[in-house]
Amino acid sequence: VFLLPLFRADFDDSATYSAVATNVHGQASTNCAVIVRRFREDEEPRPAGIMPFHLPLSYDVCFTHIDVQFLEKFGVTFGTEGETLTLKCSMLITPDLKRLQPRAEWYRDDVLIKDSKWTKLYFGEGQAALSFTHLNKDDEGLYTLRMVTKGGVSEYSAYLFVRDADALIAGAPGAPMDVECHDANRDYVIVTWKPPNTTKESPVIGYFVDKCEVGLENWVQCNDAPVKICKYPVTGLYEGRSYIFRVRAVNSAGISRPSRVSEPVAALDPVDLERTQTIHVDEGRKIVISKNDLEGDIQIPGPPTNVHASEISKTYVVLSWDPPVPRGREPLTYFIEKSMVGSGSWQRVNAQVAVKSPRYAVFDLAEGKSYVFRVLSANKHGISDPSEITEPIQPQDTIVVPSVPGRVVATRNTKTSVDLYGYYIEYSVVGSNCWEPSNHKPIKYNRFVVHGLETGEQYVFRVKAVNAVGFSENSQESEAITVQAALTCPSYPHGITLLNCDGHSMTLGWKAPKYSGGSPILGYYMDKREANHQNWHEVNSSLITRTIYTVEDLTEDAFYEFKVAAANLVGIGQPSDPSEHFKCKAWTMPEPGPAYDLTICEVRNTSLVLLWKAPVYEGKSPITGYLVDYKEVDTEDWITANEKPTSKRYFKVTDLHEGHTYVFKVRAVNDAGVGKSSEISEPVLVQARPGTKEIFSGVDDEGNIYLAFECKEATDASHFAWGKSYEEIDDSDKFKIETEGNHSKLYFKNPDKSDLGTYSISVSDTDGVSSSFVMDDE
C-alpha cells in the first residue's frame, strides 16, 4: 500500500492525483480527484471524523482587492561562496485576511524558484524571505519577489552577486558552475557546465568531471586527462541507479574547488514508457500492455538504424542510433565498430563491455583522420548484422572560441552602478591597471548593470565572451566614465488629501515624490474625473509649483477623484494612484479641517520626528494646537503621543519599539474641539539606518560657530535644507550656508541668545537622510 498524505491541505492542493506502478512487463495506474474547499470563518465546530459540506467563501471575499505595499526591501547584495544568506521583504497587506493571503513567488532571472536543498522559502506575518543554505556562483542573478493577488501582481527586484571562495591552492581558478545533465540513458549521460571567470588567475586548461551514486559519498573521477570543453559524455553507468555530478577546473597552479553538484539523474531508457499502450475498458478500468509483449519472441535482433554522430569534438565522437524495430522482449545490447577511412579493416570499440544505451562516446581517435562507424544489436540469442555505415566523420572542434565583443559603451545609471554591453565584465579604476570582475557568472544578454562602484570615481570597462570552448580575447577598453547619478523622471506623488471645499471648488494637497529623478521638480500636473466615469480630464495646462491646489468649477454634491504627476527637466513621471472619491459639499463644521503633508524624518532606534502643515480650513475659530496619534500597523488602538496639544507643527515621538512598524496621524484643535484627522502616514520601520550620522557643532580658526553635516548618499541632485524649528532658513543676515560635495555647514554670523533652539537638516534625493541639533546656552 502506498500513501500520499496531504498535511494541512490548502485550496491550491485541489487537483487530480495519479498513482502509477511500473515493472518490466508494463504499468498500471489509477486516478483520484481531490477538491479542497474554502470555508467560512464563522463555521460551527464539527465532531471529529465528520466531514462538512459548506458553501465556499462569499463572492465578495474571494474577489476582494488586496493591496501589497513593500516596506523594507532587500537591495543589491554581495555574497561569497559557502556563506548563508537571506533576501527578505517586509510588507503591509490590506486587508489582512487569514484565509485570503497573496501568493509569494521568487524568481531568479525570471525562472521560478522552489524549495530545495539550497533554497528555503518563507512567507508569513507580513514578510517574505528566500534563504540560501550554501551560496554558490550558480545563485548569482537578478532576484524578483512577486506578490500575486486577485487584483494583480506587486513585484520588486535586485541583483545578487556571489564572489569566488578562497582557492584551496593559491592561484587555482574558481569553481565551474551550472552543472547540468542531458540525454540520460541506461548507461550514459552528457554533463555540461559553465566556465569560471579568470581575471587574475592563469587560464583554465581543462576540467575534471566526477560522479557519485546517490546515497553514497565516494566520488569517482570520470576522465583521466582534463577535458578542454565544457561538455563531457559519461559512460559506464549502472542501469536503474541515480547519479550526481560535479566539475573541477584546472590551470597551471592547481585544481579548483568542486562545483555545486548537479540534480540527480537516473540511468534509465526514456523510451521505455513510450513502449506501453493503455487500453480503457468498462467502469474506468485500464489494461496496460507493453509493446514487447505485442512483438512476440524475437530470436536474432535486427540491426540498428539511423546511426549518426550527435556530438563531434577533437577528443571524442558521440554516436547515436535507433533500436531495431521490432525490438522484442529480450534486453538489447550494442557493439560499436570503427574503421579509419581507406584502411579497409574494422575494429570493435567496446569489445569488453556491451553498451545498453543507443548512445556511445568513442575516444582515442587520431587527430586529422576520418572514420566511419557501424553498430550491431545483440541479445541472448545472438548478434545482428551490422547497421549501415555512417558517412565519414573527422574528430574536430565544431565550435570555436567566440570572437571579441564589439565596442563597450558605458552610460551613467546610478551613483554606484553603470550600464554596460557584454558577457563577462571587468572594470578598473582609471590609472590603476588593476582589473576586477563584475559578474562571476556569465550573463546571457549584452546589457548589464555593474554595481559596487564608488561615487565620483572614474572607471574603464572591458568585456569578454564565453562559450563551451572558452573565452574570447578582451574587448577594447571603454572610454573613462565618472560614476554619477543619472537623470530620470521623478517618482510618483502620493497622499492626495481634501483640505477644503466650498461647494464649487476643492482645495487638495499631496506629498512630493520621494525621488526627484536627479533634477529639481519643476511642478505638477493634475487630472480629475467624476466618480464612475472612465475618462480623465486635465485640470491645469501650466505647472502647479506647490503641493497644494484649488480646483474650480465643480458640481455641487458630485463625487470626484484626482491624480497628480510630477515633472522635472527629463519629463513627466508616473501619476499617483487615484485619490478617494471626494464629495463636493461645502464645509461648515466649527472644528478645523485636516492637517496635511505629514513627513517623517530623523528615524532612530526608538524615536522619530513628525512634521506637518497647518489645515487650510481652520473652522470657526483659530487653531490652538495639534494632537499626534500613532499605532503599530498590526494593531487596532491608536495612542495619543502628547497629553496637551502642541502649538508647533513638529513633534518628536519617543519610547517606540525598535524594529516595529508604525503609522501616524495628526488632529488640529480649536475652541470648538478636535478637527478632522489628517491622512494616515506611510508605514515607517523604527530602526536607525546603518551608518546614520548626526549634526555636529564646532568653532573654526577664526572663532566662527558652525553646525556641520556629512551625507555620503548625496548626489548631484541632492539639496541640503537647513532649518530652525523645522522651518527652512533663508535669513542671509544671520546665517551663511556652505555646501560642497557631500558636506554642508551652517555658520552663525552674529550669534546671540535669539539663535538658541532646534536646528535641523534634511537631504533630498536620499532615503530620508536627516538630523537635528539643539543649540543651547553652552
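The structure presented is a predicted model; accordingly, all values stated were derived computationally and were not measured.

**A word on the overall build of the protein chain**
- The helix and strand inventory of the protein chain stands at two helices and 58 strands.
- Against the globule reference of 28 Å for 778 residues, the protein chain gives a C-alpha radius of gyration of 36 Å, more extended than a compact globule.
- Across its three principal directions, the C-alpha atoms of the protein chain cover 110 × 75 × 50 Å.
- Looking at the protein chain as a whole, 43% of its 778 residues qualify as buried.
- In the protein chain, once contacts between residues fewer than 6 apart in sequence are set aside, the share between residues at least 24 apart is 63%.
- If you sum the accessible surface of the protein chain, you get close to 42,200 Å²; carbon and sulfur atoms cover 49% of it.

**Details of unusual backbone geometry**
- Geometrically, the link from Thr 94 to Pro 95 is a cis peptide bond, its omega value of -10° lying close to zero.
- Counting through the fold element by element, Pro 95 comes out in the loop between strand E5 (85-94) and strand E6 (103-108).
- Going from Val 325 to Pro 326, the amide bond is cis rather than trans, its omega being -5°.
- For Pro 326, the location among the structural elements is in the loop between strand E23 (317-322) and strand E24 (333-340).
- The phi angle at Asn 433 is positive, at roughly 55°, despite the residue not being glycine.
- Summarising the element assignment, Asn 433 is placed in the loop between strand E31 (424-429) and strand E32 (436-437).

**What to know about the state of the cysteines**
- One pass over the structure, following the stated rule, counts zero disulfides.
- For Cys 584, which is in no disulfide, the shortest distance to another cysteine sulfur is to Cys 501 and amounts to 4.0 Å.

**Focus: the pattern of salt bridges**
- If you walk through the whole model with that rule in mind, you get 30 salt bridges.
- Two residues, Asp 178 and Lys 441, come together in a salt bridge whose shortest N-O distance is 3.5 Å. One end of the pair, Asp 178, is in strand E12 (residues 177-182); the other, Lys 441, is in the loop between E32 and strand E33 (448-450), and 263 residues separate them in sequence.
- Between Glu 213 and Arg 241 there is a salt bridge, with the nearest N and O atoms lying 3.3 Å from each other. In this pair, Glu 213 is assigned in strand E14 (residues 206-213) and Arg 241 in the loop between strand E16 (231-235) and strand E17 (242-251), connecting sequence segments 28 residues apart.
- Overall, the relative accessible area of 36% leaves Arg 241 in the partly exposed class.
- Each of the salt bridges in this network shares a partner with another, and the network as a whole consists of Arg 186, Glu 239, Asp 269 and Lys 356.

**Description of the sheet that holds strand E56 (residues 743-748)**
- A sheet is described by the order of its strands in space; here four strands give the open sequence E51-E52-E56-E55, paired in antiparallel fashion. Each edge of the open sheet carries a strand with a single partner, namely strand E51 (696-699) and strand E55 (735-740). Adjacent strand axes in the sheet meet at a mean angle of 25° when their direction is disregarded.
- Sheet topology places E55 next to E56; six bridges connect them, and they run antiparallel. For Phe 735, the partnering residue across the bridge sits in E56 and is Phe 748.

**Here's the deal with the packing of aromatic side chains**
- Applying the stated criterion across every chain, the model contains 28 aromatic pairs.
- Ring geometry for Trp 510 against Tyr 524: centres 5.5 Å apart, planes inclined by 75°, an arrangement best described as edge-to-face. Placement of Trp 510 in strand E37 (residues 506-511) and of Tyr 524 in strand E38 (residues 523-530) is noted, with a sequence separation of 14 residues between them.
- Looking at Trp 510, the relative accessible area reads 0%, which means it is buried.
- Taking relative accessible area as the criterion, Tyr 524 reaches 4% and is therefore assigned buried.
- Ring centres of Trp 612 and Tyr 626 lie 5.4 Å apart, and the angle between their planes is 65°; this geometry places the pair in the edge-to-face category.

**Examining a nonpolar patch on the surface**
- There is a patch of nonpolar side chains on the surface, built from Ile 279, Val 281 and Ile 287 and spanning about 200 Å² of accessible area.
- With respect to the helices and strands, Ile 287 occurs in strand E21 (residues 286-290).
- Overall, Ile 287 belongs to the partly exposed group, its relative accessible area being 41%.

**A closer look at the UniProt feature "domain: Fibronectin type-III" (unreviewed entry) in the protein chain**
- With numbering matched to this structure, UniProt assigns "domain: Fibronectin type-III" (unreviewed entry) to residues 175-270, 303-398, 489-591 and 594-691.
- In the segment residues 489-591, helix accounts for 0% and strand for 38%; the C-alpha atoms at its two ends are 40 Å apart.
- Within residues 594-691, the helical portion is 0% and the strand portion 46%, while the C-alpha atoms at the span's ends are 36 Å from each other.

**A few points about the sheet that holds strand E26 (residues 359-362)**
- Strand order in this open sheet of three strands is E22-E23-E26, and the pairing throughout is antiparallel. Of all strands in the sheet, those bounded by a partner on one side alone are strand E22 (305-312) and E26. Along the sheet, successive strands turn relative to each other by an average axial angle of 25°, direction set aside.
- Bridging between E23 and E26 involves four bridges; their strand directions are antiparallel. What sits directly across from Val 317, in E26, is Val 362.

**Thoughts on the environment of Gly 673**
- Locating Gly 673 in the fold gives a position in strand E49 (residues 673-677).
- Expressed as a C-alpha distance, the spacing of Gly 673 and Ser 621, which sit 52 residues apart in the sequence, is 9.9 Å.
- Once you skip the residues sitting within four places of it in the chain, Gly 673 turns out to touch Glu 591, Pro 592 and Ala 668.

**Remarks on the pairing of E22**
- As judged from the five bridges shared by E22 and E23, these two strands associate in the antiparallel manner. Paired with Ala 309 across the two strands is Leu 319, which belongs to E23.
- Between the antiparallel neighbours E22 and E23 lie four residues.

**Quick look at the side chain of Glu 632**
- Mapped onto the elements, Glu 632 comes out in strand E45 (residues 623-632).
- We note that Glu 632 is buried and unpaired, the nearest opposite charge coming from Lys 631 at a distance of 9.4 Å.
- Here the side chain of Glu 632 touches His 660 through a polar contact of 2.8 Å, side chain to side chain.
- Every residue in contact with Glu 632, bar those within four places of it in the chain, is listed here: His 657, His 660, Thr 661 and Tyr 662.

**Overview of a negative patch on the surface**
- On the surface, Glu 728, Asp 730, Asp 731 and Asp 733 cluster together to form a negatively charged patch.
- With respect to the helices and strands, the residue Asp 733 is situated in the loop between strand E54 (727-728) and E55.
- Here Asp 733 falls in the exposed class, since its relative accessible area comes to 60%.

Parameters at a glance
Residues numbered from 1 in each chain as written. Predicted model: local features only at pLDDT ≥ 70, side-chain atom pairs only at ≥ 80, totals over all residues. Heavy atoms only, no water. Helix = DSSP H or I, 4+ residues; strand = E, 2+ residues; numbered from the N terminus. Rg over C-alpha atoms; globule rule 2.2 N^0.38 Å. Buried < 20%, exposed > 50% of the residue type's maximum accessible area, 1.4 Å probe, protein only. Contact = heavy atoms within 4.5 Å. Areas by Shrake-Rupley, 256 points an atom, 1.4 Å probe, with all protein chains shown as cover. Disulfide = S-S within 2.5 Å. Salt bridge = Lys/Arg side-chain N within 4 Å of Asp/Glu carboxyl O. Pairing = 2+ DSSP bridges. Axes fitted to C-alpha atoms, helices over the stretch in contact; angles between N-to-C directions. Phe/Tyr/Trp six-rings, centres within 6.5 Å; stacked < 30°, edge-to-face > 60°. Patch = residues over 30% accessible without salt bridge, like charges linked within 9 Å, V, L, I, M, F, W, Y side chains within 5 Å. UniProt positions renumbered as here; feature names shortened; annotations may be inferred. Lys, Arg positive; Asp, Glu negative; His and termini not counted. Polar contact = N/O pair within 3.5 Å; in protein donor to acceptor, adjacent residues only side chain to side chain. Charge placed at Lys NZ, Arg CZ, Asp CG, Glu CD.

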